[in-house]
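If you want the building blocks of each chain, they are given just below.
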Amino acid sequence: MKKIVFLLFFAYLVSETFCFTNLFDGLHIMPFKKVKRHGRDGTAAPLVLNDSKTETEATSPQENEDEEMETQSPLQPILPLKPILPPQPIPPSEPISPPNIVDRNDDSSPKNMNCRCIPDSTKCDGVKKDNGARWRRWDLRIVNDEDCNPNEIYCCSEKTCGQRKIFNNKNQQSEKYAHYGSYPWHAEILSQDNSFIGSGVLISPNYILTVAHKIVGLNNNFKIVFGSWNTTNKNEKVIVAMAESTKIHDGYDSESLENDIAIIKINQKLMYNIDSNINAACLPERDVLPNTQCWTAGWGKSNFIYDNYEHVLKQVSLNIISQDECEKKLKKTRLGEEFMLNKNSFICAGGEQGKDSCTGDGGGALVCKNEFDRFEVVGLTSWGIGCGELDVPGVYINVKSYLKWIEKAMNPGRKLQLNPRSMPL
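Rules and cut-offs
Residues numbered from 1 in each chain as written. Predicted model: local features only at pLDDT ≥ 70, side-chain atom pairs only at ≥ 80, totals over all residues. Heavy atoms only, no water. Pairing = 2+ DSSP bridges. Helix = DSSP H or I, 4+ residues; strand = E, 2+ residues; numbered from the N terminus. Buried < 20%, exposed > 50% of the residue type's maximum accessible area, 1.4 Å probe, protein only. Axes fitted to C-alpha atoms, helices over the stretch in contact; angles between N-to-C directions. Contact = heavy atoms within 4.5 Å. Salt bridge = Lys/Arg side-chain N within 4 Å of Asp/Glu carboxyl O. Disulfide = S-S within 2.5 Å.

This part is about the pairing of strand 8 (residues 239-248). Examined bridge by bridge, strand 7 (residues 223-226) and strand 8 share four bridges and lie antiparallel to one another. Bridge pairing in strand 8 places Ile224 opposite Ala241. The sheet contact formed by strand 8 and strand 9 (residues 262-266) spans five bridges and is antiparallel. Opposite Lys247, over in strand 9, you have Ile263 as the bridge partner.

Structure (structure tokens):
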């Protein structure tokens, strides 16, 4: 057997020397080849036939010294080999964008964001500039914050409600009168012949709240004016809308004024980003605490002596009074000791001499600042005993008690998202 193998091997060498390549075409005999047993790093290397190499592709002497070689039997049949594909190029990764830095020379505002200066002691309900001058949660490229005072921070949020958009206006007159645009949620309700009916408060682009006793029985036959400040100024920029539908609370009592609340849907959607003197107030998220400073505004009478309404929007600051204290003080009035304050329907504020809402202010908002420096409508001007009398607080609809009702009125047929545990029983 060894002799036969030797002869075949000898014959193969002769054929290769004299180019007798046809001699072994019918035989499945594999010529000698070098097989790399291991790569340089110790991993298995692919099999490569040496007979396919040219002289320029021959293995270098250094590679022969580094790699272990073995001789494969010439009688080993040729096995089908998978084609060796060239290595695929690795696609370049996308460049990593550098973090967005606050650009003090950029006056543009971020899309869908509203930016403002707030006291540095106030929480920002969006995103604010930190010491590294970067914005953490949104991909922002903002803003010129040089207008903020040293004790203020620049805060940007997707939320727009409860925000005054006009400051330091030259129309300031005195503390009695509101600055132009300082109550952008305040709405004026007029009859079709422009007779004054009352006030309301904008809570969304197409809904306002007011008290029921101002519009009950009107059957949507009235209009609402937004952005008004001086009612005698015909050049003011205002928006006039019509009432599309009105919902009065089912429990409204015209004698006790319990559940004295109504919601009006207007026939258009207001654009806050266009009109700087129009914006919605926020709905309250929690009960307002006693001694909280709040504000209300309106064109109502200063007291019962004067018959005329005011032309310029008035404002007054009032402190919240606990419901128990309010009930005690109202019992000392003509209401008598039998009076009981409905604490689900009402909250109270005021009681200072000469500081009160009065006739004609009904339906206007009692607003307080929340922890994010936004104005929340905590009450609606409803009723009182006299106007501005000492130790006689004004009574306002407790808006917090009606959040579930408001949500349902604004989204009929939609499952409520409010937490029922936060609702009064």
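Further remarks concern unusual backbone geometry. Excluding glycine, most residues fall at negative phi; most peptide bonds, likewise, are trans. Residues other than glycine seldom take positive phi values, yet Leu257 does so here, at roughly 60°. Looking at the secondary structure, you find Leu257 in the loop between strand 8 and strand 9. Located in the positive-phi region is Asn259, a residue other than glycine, with phi close to 55°. Among the structural elements, Asn259 can be located in the loop between strand 8 and strand 9. By relative accessible area, Asn259 is classed as buried at 15%.

Right, let's talk about the sheet that holds strand 11 (residues 314-321) for a bit. If you walk around this closed barrel you meet the six strands as 10-11-12-15-14-13, and the pairing is antiparallel. Looking at each pair of strands side by side, their axes are set apart by 45° on average, direction ignored. Sheet topology note: the strand 12 (residues 346-350)/strand 15 (residues 393-398) ladder contains five bridges and is antiparallel. Counterpart to Gly350 in the pairing with strand 15 is Pro393. Together, strand 11, strand 12, strand 14 (375-383) and strand 15 form the strand contacts of helix 4 (residues 323-331), whose direction differs from that of strand 15 by roughly 135°.

Right, let's get into the pattern of salt bridges. A complete count under the given rule lists seven salt bridges for this structure. Here Glu310 ties to Lys176 by a salt bridge, and the two come within 3.7 Å at their closest N and O atoms. One end of the pair, Glu310, is in the loop between strand 10 (293-298) and strand 11; the other, Lys176, is in the loop between strand 3 (152-157) and strand 4 (186-190), and 134 residues separate them in sequence. Where Lys343 meets Asp324, a salt bridge forms, and the shortest distance between an N and an O atom there is 2.2 Å. On the criterion of sequence distance, the pair formed by Lys343 in the loop between helix 4 and strand 12 and Asp324 in helix 4 is long-range, its members being 19 residues apart. A relative accessible area of 34% places Lys343 in the partly exposed class.

Using the criterion set out here, one finds four disulfides in the structure. Each disulfide pairs two cysteine sulfurs, and for Cys161 the partner residue is Cys282, the sulfurs being separated by 2.0 Å. Judged by the torsion about the S-S bond (95°), the Cys161/Cys282 disulfide is right-handed. In this pair, Cys161 sits in the loop between strand 3 and strand 4 while Cys282 sits in the loop between strand 9 and strand 10, placing the two residues 121 residues apart along the sequence. Comparing Cys161 with Cys282 shows no difference in burial state: the two are buried.

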